[in-house]
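Chain residues, written in single-letter form:
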Amino acid sequence: MDVELIHIHKHFGEVHANDDVCVRFRSGTIHGLLGENGAGKSTLVKILSGYITHDSGDIALDGKLVSIQTPTDAIRHGIGMLHQDPLDFPSLTVLENFMAGGGGLWLHRREARRRLCEIASSLNFSLDPDAHVSELTVGERQQLEIVRLLALGVQVLILDEPTTGISAVQKEQLFAALRQLAADGRTIIFVSHKLEDVEALCDEVTVMRQGRVVGSAAIPCSPAQLVEMMFGKPLAPPIKPPTAREEIALELREALIRTNTFDLHVPHLAVRCGEVLGLAGLEGSGQQEFLAACSGLIPLRHGSLRLNGREMAHRPYHSFMRAGVCYLPADRLRDGLIGGLTIREHVALRAPTRSFFLDEPLNARLTMEAIRVFNIRGQPNTRVERLSGGNQQRTQLALMPNPLSVICMEHPTRGLDIESALWIWQLLIARCQQGTAILFASSDLDEITAYSDRVLVFSGGRVSEPLDAHRLTADVLGHMIGGKF
Amino acid sequence: MSGEQLLIVLSTAIAAATPLVFAVLGETLSERAGVINLSAEGTIMFCAMAGFAVALASGSVVVGFVIAALIGALAALVVGFCAITLRQSQIAVGFVLALLLSDLASFLGVPIVRVPGPTVPPLPLPLLSDVPLLGPLLFRKDALVYLSYIAIALTWLYLYRTRPGLTLRAIGEQPNAAFARGADVVRLRYLYVILGGALMGIAGAAFSLDFKAGWSHRHTGGYGWIALAIVIFGGWNPLRAALGAYLFGILQSLASVAQDQFQNVPTQVLTVAPFVLMIVLLVLTSAGWLDRLASYFPPATRRRLLQMLRTSPPAALGKPFEQD
């Protein structure tokens, strides 16, 4: 089905999120919608799928004007959308998620199970109908949503940032499935800020910037040209100089770390000051628990953990903090920042005074400084949940004490646009040059190989020996994550 | 304790638990839809008074129950309006209603305190009541008790075996996702909150027209709060919640037996004991304790065990639905 968006306008208060957008998505193609965060891509596809209504403009399907006011309207017209955070029910089973919605009184479990398995296997997805969605990875939840939308007869499938938070293997599976669906004549709209994904998958691409369409191209085309369209200027990644020193910042011996499903054993690991250690692996392979253990959030089951030579196993989290360890979680709003508090209140919480009353002039000054230095797009009184993902991450970084001996980070640049990601790594590299060791987990293998000095691979309940990152490629890493080491 | 005594204890327990069963089913439905009806204590007490007064005036037990259900639904509508339409704090409005309605019940109920009135007549079921053990235990009761059995089964069946039941669980879990799949979240929430309130009203009338037969000052004090606790204990599952209600019935019935046997223990202690024991049980089923228990098992079974035992509240419980 051909989809045409004609002169779409959408305002959110002052912000002109979609400014006279005209795009045409042709049936049987995979069409990339590229742009950095806040470019208006999500708004545009949410309009098409009925989640938000546009101020003016038209939507035409196969040349006929249609009115889409709700998601149900969109589904009726054969348009389905896969959200960045899958809109599903974590406490229900896969099968129940598949069945939720729709009419009739009784649940036909057997029929639904057959249909679920049939569609899933036609796309080479393996989904256990009886598993709870809360146990699935983001990638599997996406697969479930795709299967569900296809069962509803969707002809136009929209995917909003689908490659964020899924493994390399799942990404390949997803891409293969999407190519197959396009070959069957469906229209695939692939929203992304990741250049390499768009280049690997799409047939054509439309680039958006600040709510407008700035250009489109047929793939293959030169990446530099797309980057320039996205940002209005060319960008270069920071170069990571060797920063590791001789002294050891963090040392683990015979450490046993408990995770939900297995116990992770680390025979010996020494991280030097200024070193960057990347943790690669499928999500849920123990990286998160490893980082939590290294920062004192969960106790070691047994074994020794030394920070700058001092034994720290079984010490409480605040003594880790005092020893210069900082933990930055992946879920910034759940574990990192405090939703409901403003940037200034966050700064006040971290302020280096012990006085009973808040020193507002000092806090105001510190906040202004943090906003300027860290280039946070927000006001001192902006509540953190209103900031974009990139600005939340910048705020987290601004709140980090200085100096630090170890930083433990989960997914430092997940969900961020390229510009923010590069900026954040510049900052982290500067910290390394001061002698801070950085441990970070990421599902982006290019990020791991680009910035790490050494890499640990987590797979199948085990963790590899530290590997020299300069001899690794994303390809080799991908194989090791699959369990070959 | 002899076998006969035990049978009496259990039989009393079922009678004592029947009003609670209606209350916990009502609260379960409401909370599954995402709305905490904290007014349970007040609703139950007011409906106990009103149901009895109406039955007394009209001479009909059925009319008493119907009016009680309507009042319960009305109280729930107030909670629903504040929670769903005005998007105000469900806790605040529910709490105020709980206090207001129970005081109002005491005030308006003065003329009917300890007045004898109609009750639900006993109705032993033919054939079934002759079954040894189970007969006297379950089937020599009255229509209301049988209705509570049916209500438990129906609620469970509805929640886990029908499509509207799945939608009900969905709107309390992720209203945005349910909306995306075509559910009218606002209307459904109203529906289940009101239905739950009606069941709570029936629970109130079940106290004054059946189990406690009559009205006196603060006659149902504490039952509303314990119903709220049992819903949590029951993990928002109607079967387990009903089980919790029966457990509380057994504790109560044991306490009254103990009253005869330990005459030197003050009665207040034994009246309060079931409530305290219930709280202890709640603590034992709390997540932290379960985690410690599970940590003694090997990792492979740990996960399955936790999955079986742990219950989590509907994710959107107490949160207003805002469509973006």
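Residues numbered from 1 in each chain as written. Chains lettered and ligands numbered in written order. Predicted model: local features only at pLDDT ≥ 70, side-chain atom pairs only at ≥ 80, totals over all residues.

## Looking at the overall build of chain A
Selection criterion: In DSSP terms, a helix is any run of H or I states spanning at least four residues, a strand is any run of E spanning at least two, and both are numbered starting from the N terminus. Radius of gyration: over C-alpha atoms. The globule rule applied is 2.2 Å multiplied by the number of residues raised to the 0.38 power. Exposure is read from a count of other C-beta atoms within 10 Å of each residue's own; the residue is exposed at 12 or fewer, buried at 20 or more and partly exposed in between. C-beta atoms are placed from the backbone. In this description, any two residues whose backbone-derived C-beta atoms lie within 7 Å of each other are considered to be in contact.
Each helix and strand in chain A was counted, giving 17 helices and 21 strands. Taken against the 2.2 N^0.38 rule, which gives 23 Å for 485 residues, the C-alpha radius of gyration of chain A at 24 Å falls within 12% of a compact globule. By principal-axis analysis of the C-alpha atoms, chain A measures approximately 70 × 50 × 45 Å. Put simply, chain A has 485 residues, and 46% of those count as buried. When contacts within chain A are restricted to residue pairs at least 6 apart in sequence, those whose partners lie at least 24 apart make up 69%.

## Structural notes on helix α14 (residues 389–398) of chain A
Residues and elements named next belong to chain A. Within α14, nine of the ten residues are buried, which leaves it mostly tucked inside the rest of the structure. Looking at α14, one finds that the buried residues are G390, N391, Q392, Q393, R394, T395, Q396, L397 and A398. On the buried face of α14, the contacting elements are β16 (325–328), α11 (332–336), α12 (343–350), α13 (360–373) and α15 (418–433).

## A word on the sheet that holds strand β7 (residues 156–160) of chain A
Residue and element names in this part refer to chain A. For clarity, the threshold we go by: Any two strands between which DSSP finds at least two bridges are classified as paired. Simply put, an axis is a line fit to the C-alpha atoms, just over the touching stretch for a helix, and the angle between two N-to-C directions goes from 0 to 180 degrees.
With mixed pairing, six strands are arranged side by side in an open sheet as β6-β7-β8-β3-β9-β10. Taken across any chain shown, the strands that pair with only one partner, and hence form the sheet edges, are β6 (79–82) and β10 (212–218). The mean inter-strand angle of the sheet, taken between neighbouring strand axes irrespective of direction, is 20 degrees. Most of the contacts of helix α5 (residues 138–151) go to β6, to which it runs at about 175 degrees, and overall it touches β6 and β7. Sitting on the sheet, helix α6 (residues 168–183) is in contact with β3 (30–34), β7 and β8 (187–192), with an inclination near 145 degrees to β8.

## As for the nonpolar core
Definition in use: Each nonpolar core reported here comprises buried Ala, Val, Leu, Ile, Met, Phe, Trp, Tyr and Cys residues connected via C-beta atoms within 7 Å.
Core analysis: the largest hydrophobic core is formed by 153 residues, its most contacted members being L20 and V24 of chain B. Ranked by residues supplied to this core, first place goes to helix α9 (residues 185–211) of chain B with 16 residues. Ignoring any residue separated from it by four or fewer positions in sequence, one finds V24 of chain B in contact with A227, I230, V231, G234, A241, A242, G244 and A245 of chain B. Formed by 67 residues, the second largest nonpolar core is a distinct cluster that contains M312, L328, I407 and M409 of chain A.

## Some details on the environment of V169 of chain A
Mapping V169 of chain A onto the fold places it in helix α6. Linking V169 of chain A and I481 of chain A, residues 312 residues apart in sequence, is a C-alpha distance of 9.2 Å.

## Focus: the domain arrangement of chain A
All names here are of chain A. Rules: What marks off one domain from the next here is an automatic or database domain assignment. Basically, the charged four are Asp, Glu, Lys and Arg, the nonpolar ten are Ala, Val, Leu, Ile, Met, Phe, Trp, Tyr, Cys and Pro, and anything else, Gly included, counts as polar.
Assigned domains within chain A: domain 1 (3–231), domain 2 (236–324 + 401–485) and domain 3 (341–400). If you average the C-alpha positions of domain 2 and of domain 3, the two centres end up 27 Å apart. Contact with domain 2, which involves ten residues of that partner, is made by six residues of domain 3. Considering only residue class, the side of domain 2 that touches domain 3 consists of six nonpolar, three polar and one charged.

## Things to note about unusual backbone geometry
All names here are of chain A. Cis peptide bonds are those with omega within 30 degrees of zero, and the linkage from I219 to P220 qualifies with 5 degrees. Across the junction of N402 and P403, the peptide omega takes the value 0 degrees, indicating a cis bond. With respect to the secondary-structure elements, P403 resides in the loop between α14 and β17 (406–410). With a phi angle near 50 degrees, Q210 is a residue other than glycine that sits in the positive phi range.

## A word on the confidence of the model for chain A
It should be kept in mind that the predicted coordinates are not to be read in detail where pLDDT is low. What counts here: What pLDDT expresses is the predictor's confidence in each residue, scored from 0 to 100.
Put simply, chain A has an average pLDDT of 88, and 99% of its residues get 70 or more. At the low end of the mean pLDDT range in chain A sits α11 of chain A, at 76; at the high end sits β7 of chain A, at 95.

## A closer look at the environment of N37 of chain B
Residues and elements named next belong to chain B. Along the chain, the position of N37 falls in the loop between α1 (3–32) and α2 (40–58). Taking the C-alpha atoms as reference points, N37 and A83, separated by 46 residues in sequence, lie 9.5 Å from one another. The contact partners of N37, leaving out residues within four places of it in the chain, are E27, S30, A76, V79, G94, V193, G196 and G197.

## Some details on the pairing of β16 of chain A
Residues and elements named next belong to chain A. Here β16 shows two buried faces, one formed by V325 and Y327 and the other by C326 and L328. Pairing geometry for β16 and β17, over four bridges, is parallel. Bridge pairing in β17 links C326 to I407.

## Examining the pairing of strand β14 (residues 302–307) of chain A
Residue and element names in this part refer to chain A. In this structure, strand β11 (residues 248–258) lies alongside β14, joined through five bridges in antiparallel fashion. Across the sheet, E251 pairs through a bridge with R306, a residue of β14. Here β14 runs beside strand β15 (residues 310–311); their pairing, made up of two bridges, is antiparallel. Paired with R306 across the strands is E311, a residue of β15.

## Let's talk about the interface of chain B and chain A
Between chain B and chain A, the residue contacts involve 20 residues of the former and 20 residues of the latter. Residue assignment for the side of chain B that touches chain A shows that the elements contributing at least two residues are α7 (163–173), α8 (175–180) and α14 (299–309) of chain B. Tallied by class, residues from the side of chain B that touches chain A come to eight nonpolar, six polar and six charged.

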